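The lines below spell out each chain.
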Amino acid sequence: MSDITTARSSYVAHIPAQLEADGVECLRGERRLLKNLTLQVGTGTCLLVQGPNGSGKTSLLRILAGLTQPADGCVRWKGQPIKQLGDDYRNDLLYCGHHNALKDELSAEENLLAAAALSGTPVTIDAVREALHQAGLAGRERLPVRVLSQGQRRRASLARLLLHYRPVWILDEPFTALDTDAMQWLSALIDRHLALGGLTVLTSHQDISLARGVRTLRLGV
Ligand SMILES: Nc1ncnc2c1ncn2[C@@H]1O[C@H](COP(=O)(O)OP(=O)(O)OP(=O)(O)O)[C@@H](O)[C@H]1O
């Protein structure tokens, strides 16, 4: 009995904490955007997905986040299909979409508090204020989001990265609208996330530079 337990424990311990796409296909209307796409992203790794407009970057990120089902193939986290993992995967994931997912009439503070509560992991107002300060929004926390600039809205959305530890970050064009300081802040945040054993998949039309290096996947070429 103890031998079996030991064997099972060591097997579990050796399942790599990696995100995998295995033979993924994505159809949009008449178009096949992705065919037999296979990739692995391990902890401490950043994968940058690049390609022309319409090449399927957002579609791939949505499939990796479990928000869109692939026409074929499978996405796995720690060796298990994310479809089967359900909330166990969602609790390990932080997805920041192309749009900022902020409600215009609410302040940045209220947006972050509401998003955290909805995700089932409420946070304190102090934690939210600290995250918004780090995101460079000190003094703007209580304004309705509709009056913030595009870059400030992006910063407010990205402040979610500071509120919970989630190993899998999937970020769709997170650098869009950010100024140079904010781009450096976000790069440092991703680097720290990778150093803590997280992984990141992101899209960007610009090249990005991280201390740990970046792997690039080019679509539509
Ligand atoms: N729900 C949908 N129904 C039909 N077509 C869709 C749908 N979602 C996306 N598409 C199409 O799929 C293609 C890829 O879209 P996607 O958003 O994945 O591209 P992208 O590489 O992220 O583009 P961009 O660089 O412009 O953000 C586009 O031609 C788009 O119109």
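Keep in mind that this is a model prediction, so the values were computed, not measured.

**Looking at the overall build of the chain**
Point 1. The helix and strand inventory of the chain stands at eight helices and nine strands.
Point 2. Relative to the compact-globule value of 17 Å for 221 residues, the chain shows a C-alpha radius of gyration of 18 Å, a close match.
Point 3. Across its three principal axes, the chain shows a C-alpha extent of roughly 60 × 50 × 35 Å.
Point 4. When the 221 residues of the chain are sorted by exposure, 46% land in the buried category.
Point 5. Sequence-distant contacts, at least 24 apart, represent 69% of the contacts inside the chain between residues at least 6 apart.
Point 6. Carbon and sulfur atoms make up 49% of the accessible area of the chain, which amounts to about 11,500 Å² in all.

**A closer look at the site of the ligand**
Point 1. Taken together, 14 residues are adjacent to the ligand, and Gly54, Gly56, Lys57, Thr58 and Ser59 come closest.
Point 2. A distance of 2.9 Å is found between an oxygen atom of the ligand and a backbone nitrogen or oxygen belonging to glycine 54.
Point 3. Take glycine 56: an N or O atom from its main chain is 2.9 Å from an oxygen atom of the ligand.
Point 4. Burial of the ligand by the protein chains amounts to 59% of its free accessible area of 640 Å².
Point 5. Looking at the shell around the ligand, the element that brings in the most residues is helix H2 (residues 57-64), giving three residues.

**Observations regarding the sheet that holds strand E8 (residues 199-203)**
Point 1. Here we have five strands laid out as an open sheet, ordered E6-E7-E8-E3-E9, and parallel in their pairing. Among the strands making up the open sheet, the edge pair consists of strand E6 (93-96) and strand E9 (215-218). Direction aside, the axes of adjacent strands within the sheet are offset by 15° on average.
Point 2. Inspection of the sheet shows strand E3 (residues 46-50) paired to E8 by four bridges, in the parallel sense. Note that in E8 the partner of leucine 48 across the bridge is leucine 202.

What counts, and at which threshold
Note on numbering: residues in each chain are counted from 1, in written sequence order. Confidence filtering applies because this is a predicted model: local features only for residues at pLDDT of at least 70, side-chain atom pairs given and counted only at 80 or more, and all residues used for totals across whole chains, interfaces and linings. Side-chain calculation: all heavy atoms of the structure are included, whereas hydrogens and water are not. Runs of E in the DSSP output that reach at least two residues are strands. Runs of H or I that reach at least four are helices, and both are numbered from the N terminus. Our radius of gyration looks at C-alpha atoms and nothing else; its globule reference is 2.2 Å times the residue count to the power 0.38. Accessible area is worked out with a 1.4 Å probe on protein chains only. A residue is then buried under 20% of its type maximum, exposed over 50%, and partly exposed in between. Contacts are assigned to residue pairs with any non-hydrogen atoms lying within 4.5 Å of each other. Shrake-Rupley sampling with a 1.4 Å probe provides the accessible areas, and residues are treated as covered by the protein chains on show and by no other component. Being near a molecule or strand, for a residue, comes down to having at least one heavy atom within 4 Å of it. Any pair of nitrogen or oxygen atoms within 3.5 Å is treated as a polar contact; in protein, a donor-acceptor pairing is required on top of that, and neighbouring residues in sequence qualify only through side-chain atoms on both sides. Between any two strands, at least two bridges found by DSSP are needed for them to pair. Interaxial angles span 0 to 180 degrees and are taken between N-to-C directions of axes, which are lines fitted to C-alpha atoms, for helices over the stretch in contact.

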